[in-house]
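# Architecture at a glance
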Amino acid sequence: MATIADNLYQLHHRMETACAAASRPVQSVTLLVVSKTFPGDAVREAHRAGERRFGENYVQEGLDKIAELQDLRAGLEWHLIGPLQSNKTRAVAEAFDWVHSIDRLKIAQRLSEQRPPSLPPLQVCLQVNVSGEASKSGVAPAELPDLARTVAALPGLALRGLMAIPEPADDLQAQRQPHRELARLLQALNQAMGLRLDTLSMGMSADLEAAILEGATMVRVGSAIFGSRPRA
Ligand SMILES: *Cc1c(COP(=O)(O)O)cnc(C)c1O
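I will try to describe carefully the structure that is included in this document. What you see is a predicted model, and the numbers here were worked out from it, not measured in a lab.

### Details of the overall build of the protein
Secondary structure assignment for the protein yields nine helices and eight strands. Relative to the globule expectation of 17 Å for 232 residues, the C-alpha radius of gyration of the protein, 17 Å, shows essentially globular dimensions. When the backbone C-alpha atoms are referred to their principal axes, the protein occupies close to 50 × 40 × 30 Å. Scored against the burial criterion, the 232 residues of the protein give a buried share of 52%. Sequence separation of at least 24 residues holds for 61% of the intrachain contacts in the protein that already meet a minimum separation of 6.

What follows is the structure in structure tokens.
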């Protein structure tokens, strides 16, 4: 059976091939290892193989894993990529390095207020709904400029870019379309507001080639590394 280290080796090869096809340097795309539903030991194994950035979907599971892996904390970056309710913002502001899933102002304001001054600003992305009605989370593209303007001014946060979870599609051309849309929105924000957002968090196990072709700077990959998950 393939080990986590084997899978990581294969995955980095996939990312390199995709970067070559897109005429992009390999260092322009970073890997966020999505460890949701997998135990702390799986994170240790990926860490031993050289990985430093880990993504969690469920707040409580993420907090538990961060606590369990406290001995590695200084060398790790923890990213929240799943939905965030307002009653959990304080714990997230205190424990995580990044949040990718901000889609309303109230959550951003709370995170900013609750980020401990002893820590660097929380790095954040705005989650955009690029799949229309099929998806419940993410800010609508029409509302993105207002949200970005306000979030960019919050002192406890550093707005880094945009994130999307497009609807699954089978062929490369269909996969590329929503990723292209997210890249276009990032460019438009930077131009219209003089921002310097540098992060496009897009691409997962099934569509990372399409995402890299369209400019992804951070791909979020779980099952291609750890195997299929017991729950979705
Ligand atoms: C689970 C998840 C991923 C990783 O998906 P895989 O298909 O396992 O690579 C990426 N992003 C988000 C937001 C997720 O919830």
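Back to the text.
### Some points on the site of the ligand
Close to the ligand lie V34, K36, N57, I81, I165, M204, S205, R220, V221, G222, S223 and R229. Contacts to the ligand include S205, whose side-chain N or O atom sits 2.5 Å from an oxygen atom. Contacts to the ligand include G222, whose backbone N or O atom sits 2.9 Å from an oxygen atom. Compared with its free state, where it exposes 390 Å², the ligand has 91% of that area covered by protein. Here the residues of the shell around the ligand are counted per class, giving five nonpolar, four polar and three charged.

### Remarks on a negative patch on the surface
Together, D41, E45, D64 and E68 give the surface a local cluster of negative charge. Among the elements of the structure, α2 (40-48) and α3 (59-68) are those that each provide at least two residues to the negative patch. Within the secondary structure, E68 is located in helix α3. On the accessibility criterion, E68 (45% relative accessible area) is partly exposed.

### Section: the pairing of strand β5 (residues 122-127)
Taking burial as the measure, the six residues of β5 include six buried ones, the bulk of the element. What you see with β5 is no split at all: L122, V124 and L126 on one side and Q123, C125 and Q127 on the other are buried throughout. With three bridges connecting them, strand β4 (residues 98-102) and β5 associate as parallel partners. Note on β5: the bridge partner recorded for I102 is L126. Here β5 pairs with strand β6 (residues 157-163) via six bridges, running parallel.

### As for the environment of V26
Structurally, the position occupied by V26 is in the loop between α1 (4-21) and β1 (30-34). Linking V26 and R160, residues 134 residues apart in sequence, is a C-alpha distance of 20 Å. If sequence neighbours within four positions are ignored, V26 has contacts with E16 and C19.

### Some points on the pattern of salt bridges
One pass over the full model with this rule turns up eleven salt bridges. One salt bridge in this structure joins E214 and R176, with 2.7 Å as the shortest N-O distance. Placement of E214 in the loop between α8 (208-213) and β8 (218-221) and of R176 in helix α7 (residues 172-193) is noted, with a sequence separation of 38 residues between them. For the pair E214 and R176, a shared accessibility class is recorded, and that class is buried.

### Topic: the side chain of T199
The residue T199 is located in strand β7 (residues 199-201) in this model. You can call T199 buried: its relative accessible area is 3%. Within the local environment of T199, its side chain forms a polar contact with the side chain of D198, the two groups lying 2.8 Å apart. Leave out the neighbours within four places in its chain, and T199 touches W98, C125, R160, G161, L162, L186, T217 and M218.

### Some thoughts on α1
Since the α-helix advances by 3.6 residues per turn, residues separated by three or four positions end up pointing in the same direction. Helix length check: α1 (18 residues) gives 26 Å between terminal C-alpha atoms against 26 Å at 1.5 Å per residue, within 8%. Those residues of α1 not exposed but buried are I4, N7, L8, L11, M15, A18 and C19. Down the axis of α1, the smallest arc covering the buried residues is 115 degrees, so these residues share one side. Facing away from the buried side of α1 by more than 90 degrees, the exposed set consists of Y9, Q10, A20 and A21. In this fold, the buried residues of α1 make contact with β1, α2, α8, β8 and α9 (223-226).

Rules and cut-offs
- Along each chain, the written sequence defines residue order, and numbers are assigned to residues from 1.
- Thresholds applied to this predicted model are a pLDDT of at least 70 for local features of residues and 80 or more for the giving and counting of side-chain atom pairs; totals over whole chains, interfaces and linings are not thresholded and use all residues.
- Only heavy atoms go into the side-chain values, all of them from the structure, while hydrogens and water stay out.
- We count a stretch as a helix when DSSP gives it H or I for four or more residues in a row; a strand needs E for two or more, and each element gets its number in order from the N terminus.
- Throughout, the radius of gyration refers to the C-alpha atoms, and the reference size of a globule is 2.2 Å times the residue count to the power 0.38.
- Relative accessibility decides the category of a residue: with a 1.4 Å probe and only protein chains considered, values under 20% of the type maximum give buried, values over 50% give exposed, and everything between is partly exposed.
- Contacts were defined at the residue level, with two residues in contact if any of their heavy atoms lie within 4.5 Å.
- Residue proximity to a molecule or strand is established when one non-hydrogen atom of the residue lies within 4 Å of it.
- Polar contact criterion, stated in full: a pair of N or O atoms within 3.5 Å, where within protein one must be able to donate a hydrogen and the other to accept it, and residues adjacent in sequence count only if both atoms are side-chain atoms.
- Every accessible area reported is derived by Shrake-Rupley at a probe size of 1.4 Å, with residue values counting cover from the shown protein chains alone.
- Residue classes follow a fixed rule: Ala, Val, Leu, Ile, Met, Phe, Trp, Tyr, Cys and Pro count as nonpolar, while Asp, Glu, Lys and Arg count as charged, and any other residue, Gly among them, counts as polar.
- Each patch is built from residues that are more than 30% exposed by relative accessible area and take part in no salt bridge. Like charges join if they lie within 9 Å; nonpolar side chains (Val, Leu, Ile, Met, Phe, Trp, Tyr) join within 5 Å.
- The salt bridge definition used is simple: a Lys or Arg side-chain nitrogen within 4 Å of an Asp or Glu carboxyl oxygen.
- In this tally, Lys and Arg are treated as positive and Asp and Glu as negative; His is ignored, and so are the chain termini.
- Lysine's charge is taken at NZ, arginine's at CZ, aspartate's at CG and glutamate's at CD.
- By this definition, two strands are paired if DSSP reports at least two bridges between them.
- To estimate how far a helix should extend, the number of its residues minus one is multiplied by 1.5 Å.
- It is the directions from the helix axis to the C-beta atoms whose arc is reported.

Function cannot be read off these values alone, since they describe shape.
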